[in-house]
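# Observations on chain architecture
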Amino acid sequence: PRQPPTRSTSRSMRPAFQQNFAKILCFVLPASLLLTWAAPSSLATLSPADGAVWLAPDEPELRYVVRQYSAPAAALCADPEAADLLRDSLQVPAWRGRPAAECCRWRGVSCGWDGAVTKLALSGSRANGSLPTGLPSLLASLRVLDLNGLSALSGTLPPLGRCTRLTHAYLFGTALSGTLPRSLPGSLQELECSRCRLSGTLPDTLPRALQYLFLESNRLSGTLPASLSRLRSLTELELSDNRLEGSVPAALGSLGLRHLDLTGNERLTGSLATAPPKSGCSGGSDRYLRGRMDAQLTSSLRPPKSDG
């Protein structure tokens, strides 16, 4: 009788691609698993705040986005010449001698994928210079400016309108003087300039996105602009200890403010029909706000003089 083929004979009769299938599977499967694990973990480190564009995996632009983020953002500076100007102006001790091309690695500096500065957090850095009068192009993508507590920082507050992405600006306790710039970015949500040396009047062009405005203990004068009533997103307004005068716009009472302090303005008169509740300060300002919130705002304002 015919003998059945042995196992070795049966194996030799298989097609070539079947013989190599196990080898291919052993290589492809681990590689695919590795890519599946590595790709999401790499993309997870990208932040929309740093300019990341989130795409579905099947979109053809994904390869371009991954390529843009393949190199560390801190390795490049979008504008070294502007970085030199910023370093010479602010006089941050930790920046001395550092190459301008590596400005994204300087203390307190965060950059996006394109090397543009998105955050400048220098509180506690002992900077003793001034802000450049013409903001360099390097700060066009700035989102957060934190110079709180830099008492040696002088000069004037430059126009911030070119920083079209700026959302938070903290300048508490600096020696900045001059007036508030009329040009403020429409994206600005919080402005903290308490205990500076600012003078002049409140601009009537405050951005409507503003939620927190802290200008306590300055030298601001003039009247409260009626345009404040158009700031429907405003929740906290701190203007105590200035030189404001005139009447309090009645429309302020319709904003639903969580905090309002106008005390210390001796020439300010009037009252609101509804006083805000006690302060619920939030954001970066809760560490620096020095004003107080009376139970009834009307008791903290001097009543108007009678004609008699």
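So, here is what we can say about the structure in this document. (Residues numbered from 1 in each chain as written. Predicted model: local features only at pLDDT ≥ 70, side-chain atom pairs only at ≥ 80, totals over all residues. Heavy atoms only, no water.)

## Description of the state of the cysteines
The cut-off we apply is this: Whenever a pair of cysteine sulfur atoms sits within 2.5 Å, that pair is classed as a disulfide. By definition, any uninterrupted DSSP run of H or I lasting at least four residues is a helix, any uninterrupted run of E lasting at least two residues is a strand, and each is numbered from the N terminus. With a 1.4 Å probe rolled over the protein chains alone, any residue whose accessible area is under 20% of its type maximum counts as buried; one over 50% counts as exposed, and the rest are partly exposed.
Under the criterion given, the structure shown has two disulfides. Put simply, cysteine 77 and cysteine 103 are joined by a disulfide, and their sulfur atoms are 2.2 Å apart. As the torsion about the S-S bond is roughly 90°, the cysteine 77-cysteine 103 disulfide counts as right-handed. Of the two residues, cysteine 77 is situated in the loop between helix H3 (62-68) and helix H4 (80-90) and cysteine 103 in the loop between H4 and strand S1 (109-111); the sequence distance between them amounts to 26 residues. The exposure class assigned to cysteine 77 is buried, which follows from its relative accessible area of 12%. We classify cysteine 103 as buried; its relative accessible area is 1%.

## As for unusual backbone geometry
Of note in this structure, glutamine 91 is not a glycine but carries a positive phi near 55°. Checked against the element boundaries, glutamine 91 lands in the loop between H4 and S1. Given a relative accessible area of 32%, glutamine 91 falls into the partly exposed group. Phi is positive for arginine 126, which is not a glycine, with a value near 65°. Locating arginine 126 in the fold gives a position in the loop between strand S2 (117-121) and strand S3 (144-146).

## Overview of the pairing of S2
Both faces of the sheet carry side chains from a regular strand, because those side chains alternate between them. Where we set the bar: Two strands pair under a simple rule: DSSP has to find at least two bridges between them.
Examined bridge by bridge, S1 and S2 share three bridges and lie antiparallel to one another. Bridge pairing in S2 links serine 110 to lysine 119. The antiparallel pairing of S1 with S2 creates a hairpin that spans five residues between the two strands, and glycine 115 there sits at a positive phi of about 85°.

## A look at the environment of leucine 86
In plain terms, the rule: Two residues form a contact once any of their heavy atoms are found within 4.5 Å.
Within the element layout of this structure, leucine 86 appears in helix H4. Sequence spacing of leucine 86 and leucine 138 is 52 residues, and the spatial spacing of their C-alpha atoms is 8.8 Å. Leucine 86 has contacts with Trp95, Leu120, Pro132, Leu138 and Leu139, leaving out every residue within four places of it along the chain.

## Let's talk about the pairing of strand S11 (residues 243-247)
Of the pairings in the sheet, the one linking strand S9 (residues 219-222) to S11 comprises two bridges and is parallel in character. Looking at the pairing, glycine 222 lines up with leucine 244 of S11. Both S11 and strand S13 (residues 267-269) contribute to a ladder of three bridges, which runs parallel. Considered in S13, the bridge of glycine 246 is made with leucine 268.

## Thoughts on the sheet that holds strand S8 (residues 212-214)
Where we set the bar: Where helices are involved, their axes are fitted lines through C-alpha atoms of the stretch in contact, as for all axes, and angles between N-to-C directions lie from 0 to 180°.
Spatially, eight strands are ordered S1-S2-S3-S4-S6-S8-S10-S12 in an open sheet, and the strand pairing comes out mixed. The open sheet has two edge strands, S1 and strand S12 (259-261), and neither has a second partner. Across the sheet, the mean angle from the axis of one strand to that of its neighbour is 10°, orientation sign disregarded.

## A word on the environment of glycine 155
The topology assignment puts glycine 155 in the loop between S3 and strand S4 (168-170). For the pair glycine 155 and glycine 178, spaced 23 residues apart in the sequence, the C-alpha separation amounts to 8.0 Å. The contact partners of glycine 155, leaving out residues within four places of it in the chain, are Ser130, Ala175, Leu176 and Ser177.

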